[in-house]
Amino acid sequence: MIPDSFKRDLLNRVDIVDIIQRHLPLKKTGANFSACCPFHNEKSPSFTVSPSKQFYHCFGCGAHGDAIGFLMEYSGLGYIEAIKDLAAGTGMTLPDFEPRTGRRKEEEERGPNLYDIMQRATQYYREQLKGSPRAVEYLKGRGLSGQVAARFGIGYAPEGWQNLQAAFADYDDKSLREVGLVIENDAGKRYDRFRDRIMFPIVNQRGFVIGFGGRVIGAGEPKYLNSPETPLFEKGRELYGLPQSRQAIRDAGRVLVVEGYMDVVALAQHGVEYAVATLGTATTPVHVQKLLRQADEIVFSFDGDAAGRKAAWHALEVCLPATLDHKAIRFLFLPEGEDPDTYVRAQGREAFEDLVARAEPLSAYLLAQLRARVDTDTAEGRSRLVHEAKPLVMNITSAPALQLQLLKQVADLANMTQTEVEQQWELRRTKAFASAWEKPELPKVPRTAPQSVQRWLLKRLLVKSGLARELPLERFYGDDVESRALVALAGYSRVQLEQGGNFDTLVIDHFRSTEFETLFNQLRSELMVLSLSPEQAEAEFRDSLPKLERDHIDQQLNELQGKARIGTFSRADAERMNELTKRKAALDQRPGGNFPVV
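Residues numbered from 1 in each chain as written. Predicted model: local features only at pLDDT ≥ 70, side-chain atom pairs only at ≥ 80, totals over all residues. Heavy atoms only, no water.

Asks: How would you explain the sheet that holds strand β12 (residues 254-258) if you had to name every residue and give the values?
Replies: Adjacent strands of a sheet pair through backbone hydrogen bonds, lying either parallel or antiparallel. Here we have five strands laid out as an open sheet, ordered β13-β12-β14-β15-β16, and mixed in their pairing. Each edge of the sheet is formed by a strand with only one pairing partner; in this case those strands are β13 (275-277) and β16 (360-361). Where strand β15 (residues 328-333) lies against β16, two bridges are found, and the strand directions are antiparallel. Directly across from Arg 330, in β16, lies its bridge partner Pro 361. In the packing of helix α13 (residues 306-319) onto the sheet, the strands contacted are β14 (297-302) and β15, and the crossing angle to β15 comes to about 175°. Running at roughly 100° to β12, helix α15 (residues 349-357) makes contact with β12, β14 and β15 of the sheet. (Pairing = 2+ DSSP bridges. Helix = DSSP H or I, 4+ residues; strand = E, 2+ residues; numbered from the N terminus. Contact = heavy atoms within 4.5 Å. Axes fitted to C-alpha atoms, helices over the stretch in contact; angles between N-to-C directions.)

Spelled out as structure tokens, the structure:
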């Protein structure tokens, strides 16, 4: 791993404003800087950079992170490459280090590094490709050059049952099974999962190999074989080719979603470099949200057969809650018997991109599918159209203008007025739907939902992590993610405090790629609005400690009173209750903090 001391020094030397300003112009707005977001198309700036917090956040698309995260997202760098880039700008030299899987001590102790295992397997498969004329000829026959094969790290898993013994001295290591490279049968015998297949490494945003897709050479089933779900690989969250395609996606303002690894690679070979593929699973909300962060337009490409149209409809349903008024989602159906690989090889880049440019908008595809299901020449057909359109249109929760346009079009197709459809759908007349001559309802002031004590404390600890050593952790060993995050942050902070030095800048980096990454980034984004200084955070934290102790005493007193009610109250319990009552009385003599809704 890269030593924390090096990352601390590095992040203390760089200024996130300077880093981001190299890539886009920033304007001073009060204590912060702002710009039009580089991760989505907008006319008014909603991208904010905080020099005091060394953090960026877009209030339009939700993009956020630190200096390392910005380079990874904007420049498409892996984690190590981003740190190298920052270090080069400060004149620092990256020290020698040993990569590792995770950051927690228990992960270090459980055995070989899982990322190292995947990297070693990748190198083995690539070496085997060089030594297999049959596999090389197959790729050449598909029109792939050595340069493109190298760019995507393509390799070959040879025939045979235990070839990986040549790459791993301990073939019985449990980690090989854990990452899905080997299968163990009921008799305990192991064999390679991938055999006689072209291998496509699946890479995460940090540049680490997390899984594989294996494509059979010639005839055979299944045509594609994917890694199973592992500690490194979750199919519903990853997209093949995204790290390699990220810059081209930004340049084009468009991302093309295809169904196979060969489609991605063949398109890249012909200059269409903004394609990605789902990983043997249907489109998920995570896929859509991730892609909308990368581009202003998503084009889904499907085969024109029944299976392809079924997959397209599922993708449409997944897209509805995520679609935005300033984004475009389209659907492309290739001619019967064609896929992107075969089409681009036969017709060329220009013809393929012409098809992409003419892909059907989400709204047109939705309405066409609804019309195809009913007979709009009958009253029954039109009423069914209104009925089936309702859940779809109402699921468009983040694009009010698109939702209104579809409502009007459904009304036209059903030979009804907009108001009549709204009544059928039991819609309240919101300002967005109100006619020009109607007086809109006065907006109600929303009540802010109270936040948990854990979330309140996490914000203060993120501003000043050193406060963790004073936190009574026995209060927070719960199963919810905020309690677990609080304990994890406090544990990390206490270790760092023992080692000395300022480590506030390291917290977000330490928890990158853990279950707490999203939560900590959300909290940092909320702190951008809160403008909580370290001094204020410390004062509020210390003010809250008596309240925490009082709550803990009340919890213990309630437990003791319960024992008294059921007759299990002992002399020791009585002494304990007396002691707690005195402690509470003493606490009541001095002011204690609350947990305001912030």
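Asks: Can you explain the packing of helix α3 (residues 67-75) against helix α10 (residues 242-252)? Please cite residues and give values.
Replies: Running from N to C, α3 and α10 point in directions that differ by 70°, and their axes come no closer than 8 Å. One element, α3, and the other, α10, form an angle in the roughly perpendicular class. On α10, the residues touching Met 72, Glu 73, Tyr 74 and Ser 75 of α3 are Arg 246, Gln 247 and Arg 250. Looking at the contact of α3 with α10 residue by residue, the class counts come to two nonpolar, two polar and three charged. (Parallel < 35°, antiparallel > 145°, perpendicular 65-115°, else oblique. Nonpolar A, V, L, I, M, F, W, Y, C, P; charged D, E, K, R; others polar.)

Asks: Now, about the state of the cysteines: what can you tell me, with residues and values included?
Replies: One pass over the full model with this rule turns up zero disulfides. Of all cysteine sulfurs, the one in Cys 58 lies closest to Cys 37, which takes part in no disulfide; the gap is 3.6 Å. Taking relative accessible area as the criterion, Cys 37 reaches 6% and is therefore assigned buried. (Disulfide = S-S within 2.5 Å. Buried < 20%, exposed > 50% of the residue type's maximum accessible area, 1.4 Å probe, protein only.)

Asks: Pulling in residues and values, what's your account of the sheet that holds strand β11 (residues 224-226)?
Replies: The antiparallel open sheet is built from four strands, whose spatial order is β6-β9-β10-β11. Looking at strand neighbours, the two that pair on one side only are β6 (155-157) and β11, the edges of this open sheet. The mean inter-strand angle of the sheet, taken between neighbouring strand axes irrespective of direction, is 35°. The sheet strands contacting helix α6 (residues 114-130) are β6, β9 (197-203) and β10 (209-216), and the helix crosses β10 at an angle near 30°. Helix-sheet contacts for helix α7 (residues 133-141) involve β6, β9 and β10, and the interaxial angle to β9 is about 70°.

Asks: Go over the pattern of salt bridges, please, and point to the residues and values.
Replies: Applying the stated rule across the entire model yields 20 salt bridges. Where Lys 464 meets Glu 538, a salt bridge forms, and the shortest distance between an N and an O atom there is 2.6 Å. Taken together, the positions of Lys 464 in the loop between α20 (453-463) and α21 (481-499) and Glu 538 in helix α24 (residues 534-565) put the pair 74 residues apart, joining distant regions of the chain. Salt bridges here are not isolated pairs; linked through shared partners, they connect Arg 455, Lys 459, Glu 482 and Glu 526. (Salt bridge = Lys/Arg side-chain N within 4 Å of Asp/Glu carboxyl O.)

Asks: Break down the nonpolar core for me, with residues and values.
Replies: Counting 107 residues, the largest nonpolar core has Tyr 125, Leu 181, Tyr 240, Phe 300 and Phe 331 as its most contacted members. With eight residues, the top contributor of residues to this core is α6. Once residues within four sequence positions are removed from consideration, Phe 300 is found in contact with Val 257, Thr 283, Val 288, Ala 315, Cys 319, Ile 329, Arg 330, Phe 331 and Leu 332. (Core = buried A, V, L, I, M, F, W, Y, C linked by side-chain atoms within 4.5 Å.)

Asks: Describe in detail the packing of aromatic side chains, supporting the description with residues and values.
Replies: Under the criterion given, the structure shown has 23 aromatic pairs. Taken together, a centroid distance of 6.5 Å and an interplanar angle of 50° make the contact between Phe 47 and Phe 70 tilted. You can see Phe 47 sitting in strand β3 (residues 47-50) and its partner Phe 70 sitting in helix α3, a full 23 residues away along the chain. For the pair shown, Phe 47 and Phe 70 are each scored as buried. Pairwise contacts between aromatic rings join Phe 300, Phe 302, Trp 313, Phe 331, Phe 333 and Tyr 365 into one cluster. We note Arg 215 situated over the ring of Tyr 224; from NZ or CZ to the ring centre the distance is 5.9 Å. Positioned above the aromatic ring of Trp 456, the side-chain terminus of Arg 460 is 4.1 Å from the ring centre. (Phe/Tyr/Trp six-rings, centres within 6.5 Å; stacked < 30°, edge-to-face > 60°. Lys NZ or Arg CZ within 6 Å of the ring centre and 35° of its normal.)

Asks: If you had to explain α6 to someone new, which residues and values would you point to?
Replies: The end-to-end C-alpha distance of α6 is 25 Å, a good match for the 24 Å that 17 residues give at a rise of 1.5 Å each. Regarding α6, the residues found buried are Leu 114, Tyr 115, Ile 117, Met 118, Ala 121, Thr 122, Tyr 124, Tyr 125 and Leu 129. Lining the buried residues of α6 we find α7, β6, α9 (174-178), β9 and β10. Capping the start of α6, Asn 113 holds a side-chain oxygen 2.8 Å from the backbone nitrogen of Tyr 115, two or three residues further along. (Expected span 1.5 Å × (residues − 1). Polar contact = N/O pair within 3.5 Å; in protein donor to acceptor, adjacent residues only side chain to side chain.)

Asks: Which residues make up the packing of α13 against helix α16 (residues 362-373), and what values go with them?
Replies: Running from N to C, α13 and α16 cross one another at 120°; their axes reach a closest spacing of 11 Å. One element, α13, and the other, α16, form an angle in the oblique class. In this structure, α13 crosses over α16, and the sense of that crossing is left-handed. Facing Arg 309, Ala 312, Trp 313, Leu 316 and Cys 319 of α13, the residues of α16 in contact are Leu 362, Tyr 365, Leu 366, Gln 369 and Arg 373. Residue composition of the contact of α13 with α16, by class: seven nonpolar, one polar and two charged. (Left-handed = near helix turned anticlockwise from the far one by under 90°.)

Asks: A description of the side chain of Ser 50 should follow, citing residues and the corresponding values.
Replies: Take Ser 50: it is sitting in strand β3. According to the relative accessible area criterion, Ser 50 is buried, its value standing at 2%. Within the local environment of Ser 50, its side chain forms a polar contact with the backbone nitrogen of Lys 53, the two atoms lying 3.1 Å apart.

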